[in-house]
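Here is what each chain is made of, one letter per residue.
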Amino acid sequence: MLAGQDMNTSIHRPERCLPSQGWTIADSQKIAIPLKDAAGHILQVTRLHNWRPVHDKEGHPFTCYNLNYYWFVGESDTTSSHFRRTYFDIRDRLLKGVNQRWAYVTVSVNFNNKDGAEKYADRLIASFIQELVPKIHKSSVKYG
């Protein structure tokens, strides 16, 4: 096999690497984010709610919380599922002779456990994604 012809093995889902970095994934959900584009597209993403124990500068322990939103985007498809990305990849290689050359996009925010912090973090990430995606996705990308 020549370089660059593997099954995109470098792209992986955060469920594999976050725990090895000390994070505990407390919750995983699929959510839909309406984009701010002329066509009114909706992007499906995976939302991970994570936590891990850390220490402040004085050595006092506390819990750090994190939200991680991610999705995969290829030449013509988006998906929030690693397994669906693999399906699209196999389908296109077998039926079209095409490698979509997938990218994995993630947006992450750490927050404290104060009232409303998680909801604010959700709004912050969703707003950022709504503005970002129309600027970085090719016009050939399908949503759904």
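The rules behind each value
- Residues numbered from 1 in each chain as written.
- Predicted model: local features only at pLDDT ≥ 70, side-chain atom pairs only at ≥ 80, totals over all residues.
- Heavy atoms only, no water.
- Phe/Tyr/Trp six-rings, centres within 6.5 Å; stacked < 30°, edge-to-face > 60°.
- Helix = DSSP H or I, 4+ residues; strand = E, 2+ residues; numbered from the N terminus.
- Buried < 20%, exposed > 50% of the residue type's maximum accessible area, 1.4 Å probe, protein only.
- Lys NZ or Arg CZ within 6 Å of the ring centre and 35° of its normal.
- Patch = residues over 30% accessible without salt bridge, like charges linked within 9 Å, V, L, I, M, F, W, Y side chains within 5 Å.
- Areas by Shrake-Rupley, 256 points an atom, 1.4 Å probe, with all protein chains shown as cover.
- Salt bridge = Lys/Arg side-chain N within 4 Å of Asp/Glu carboxyl O.

Asker: Sorry, what's going on with the packing of aromatic side chains here?
Answerer: Where two aromatic rings form a pair, the distance of their centres and the angle of their planes describe that pair. Counted under the stated rule, the structure contains six aromatic pairs. An angle of 35° between the planes, with centres 5.8 Å apart, marks the rings of Phe-72 and Tyr-104 as tilted. One end of the pair, Phe-72, is in strand 3 (residues 61-73); the other, Tyr-104, is in strand 5 (residues 103-111), with 32 residues separating them in the sequence. The class for Tyr-104 is partly exposed, based on a relative accessible area of 28%. Relative to Phe-88, the ring of Tyr-87 lies with its centre 5.8 Å away and its plane at 50°, an arrangement referred to as tilted. Each member of the aromatic cluster is reached from another via a ring pair, and the members are Tyr-70, Phe-72 and Tyr-104. Arg-85 extends its terminal NZ or CZ atom over the ring of Phe-72, reaching a point 5.4 Å from the ring centre.

Asker: I would appreciate a short explanation of the side chain of Gln-130 in the present structure.
Answerer: Along the chain, Gln-130 turns up in helix 3 (residues 117-136). Judged by its relative accessible area of 15%, Gln-130 falls in the buried class.

Asker: When you look at a nonpolar patch on the surface in this model, what are you seeing that I'm missing?
Answerer: Nonpolar side chains collect at one region of the surface, where Ile-90, Leu-94 and Leu-95 lie side by side and expose about 360 Å² of accessible area between them. Its place among the elements puts Leu-95 in helix 2 (residues 82-95).

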